[in-house]
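What the coordinates show
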Amino acid sequence: MIVAAKRMHQISEYFFSEKMKEIQSFEKNGLKILNLGIGNPDLLPPSGVIQKMKEASEFKNANTYQSYIGIETLRNAISNWYKKIYQVDVDPKNEILPLMGSKEGIMHISMSYLDQGDKVLIPDPGYPTYSSISKLLKAKIIYYDLYENENWLPRLENLSSKAKMMWINYPHMPTGATISFEELEQIVFFAKKNHVLLVHDNPYSLILNKKRSFSIFNVKGAKDIALELNSLSKSYNMPGWRVGMIIGKKKFIQNILKIKSQMDSGMYYPIQIGAIEAMNHDSKWFEKLNIEYLKRKKILWDICDFFNLKYDRNSSGIFVWAKITDSDNNDHIWSEKVLKNYHIFVTPGRVFGHNGKGYVRFSMCCPVKILKQAKNRIFS
């Protein structure tokens, strides 16, 4: 009998993968499920991006293998974008590694720096992929608690100083919490003092963020111990394009490239051209995008108010994170009841860790028309 590798026992199928199968089975039986659970942007990329990609697809070498480090013009565009958005100087030759989505970057970084038994600090609540990949590599996960009454920030005095790597993510997913420069600076100081590789996962900084958009590299000296992941998926409505990046000093990038170059043969050329066009857009793009997301967010606030859920109106990103205030605050049961009674899927907070229990997460990645339909189902 052929058996799966033992590492497979450390993880299960991704929650949303399983849930989509369940939703599809409902719809095959005639039930129309409104999906308010997944952060899958439904809007179009900026004007001209798709046309640029179409044109590039006709180029002579468009269908050949591409460079593992992306074309030079893409890396230059990323460098210029970091300067424009974050006021950070990044060397396009040595400090940028384009990715097929930042999610793969979590795997590449982890494989490059975590050996079996190495300690890795992971936020709770936080993005589940940090944990699943660490488990696959048999690293020792040390969860650090984030709490609402502490603005979802880590207590640095409680963190293990013997960890090899630490994941942070601000604006935070799933809560939408933001971080001040001083707070970010303190985390960098902790990492430098304890020789911890600090990885900042930063895909939400441009969505409904009332504060300045920070890169980890706004903090002086952060390049010595930090990496940053970023993505065009949320910022430019390009999730299926799979365009992300790792930013970091030359030594870090060279090590990660050793892993990445074993796993793909470069990003499709027209996608790189489309990504360049997207990043060339000015701030008016984000102003327009955020106006649309705010319309959607307000409808979700109405739904939260109906259920007497507690939420933060100043949160960033593409989700509304809400606390169940009923005495029976089991988020799994609450989510299943909403699915059963209204045929609406909302993500239970426990998906993101122990400290997510008692919360639910709504996604803004649905047209206003669909969100109003969900509201009408609930209010009727």
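The present account deals with the structure reproduced in this document.

Parameters at a glance
Residues numbered from 1 in each chain as written. Predicted model: local features only at pLDDT ≥ 70, side-chain atom pairs only at ≥ 80, totals over all residues. Heavy atoms only, no water. Salt bridge = Lys/Arg side-chain N within 4 Å of Asp/Glu carboxyl O. Core = buried A, V, L, I, M, F, W, Y, C linked by side-chain atoms within 4.5 Å. Buried < 20%, exposed > 50% of the residue type's maximum accessible area, 1.4 Å probe, protein only. Helix = DSSP H or I, 4+ residues; strand = E, 2+ residues; numbered from the N terminus. Contact = heavy atoms within 4.5 Å. Pairing = 2+ DSSP bridges. Axes fitted to C-alpha atoms, helices over the stretch in contact; angles between N-to-C directions.

**Overview of the pattern of salt bridges**
Scanning the model with the defined rule gives twelve salt bridges in all. Linked by salt bridges that have partners in common, D42, E292 and R296 make up one network.

**Quick look at the nonpolar core**
With 119 residues, the main nonpolar core has I109, M166, W167, L198 and F362 as its most contacted residues. With nine residues, helix α9 (residues 283–306) is the single largest residue contributor to this core. Those residues in contact with F362, other than ones at most four positions away along the chain, are L36, L300, I303, C304, L309, I318, F319, V320, A322, W334 and V346.

**Comments concerning the sheet that holds strand β3 (residues 119–124)**
The seven strands are arranged β2-β8-β7-β6-β5-β3-β4 in an open sheet whose pairing can be described as mixed. Each end of this open sheet is capped by a strand with a single partner; those strands are β2 (96–99) and β4 (140–145). Averaged over neighbouring strand pairs, the angle between their axes works out to 20° when direction is ignored. Pairing geometry for strand β7 (residues 226–231) and strand β8 (residues 244–247), over four bridges, is antiparallel. Opposite S231, over in β8, you have G244 as the bridge partner. Here helix α3 (residues 72–86) sits on the sheet and contacts β2, β7 and β8; the angle it forms with β2, its principal contact strand, is near 105°. Across the face of the sheet, helix α7 (residues 250–260) comes into contact with β2, β6 (197–201), β7 and β8 while running at roughly 30° to β2.

**Quick look at unusual backbone geometry**
Along the chain, Y170 connects to P171 via a cis peptide bond; the corresponding omega equals -5°. With respect to the element layout, P171 can be found in the loop between β5 (165–168) and α6 (181–194). In this structure, the amide linkage connecting M173 to the following residue, P174, adopts the cis form with an omega of 20°. By secondary structure assignment, the location of P174 is in the loop between β5 and α6. A positive phi angle, close to 60°, is found at R242, a residue other than glycine. Turning to its location among the elements, R242 is positioned in the loop between β7 and β8.

Coordinates in, geometry out; function isn't part of it.
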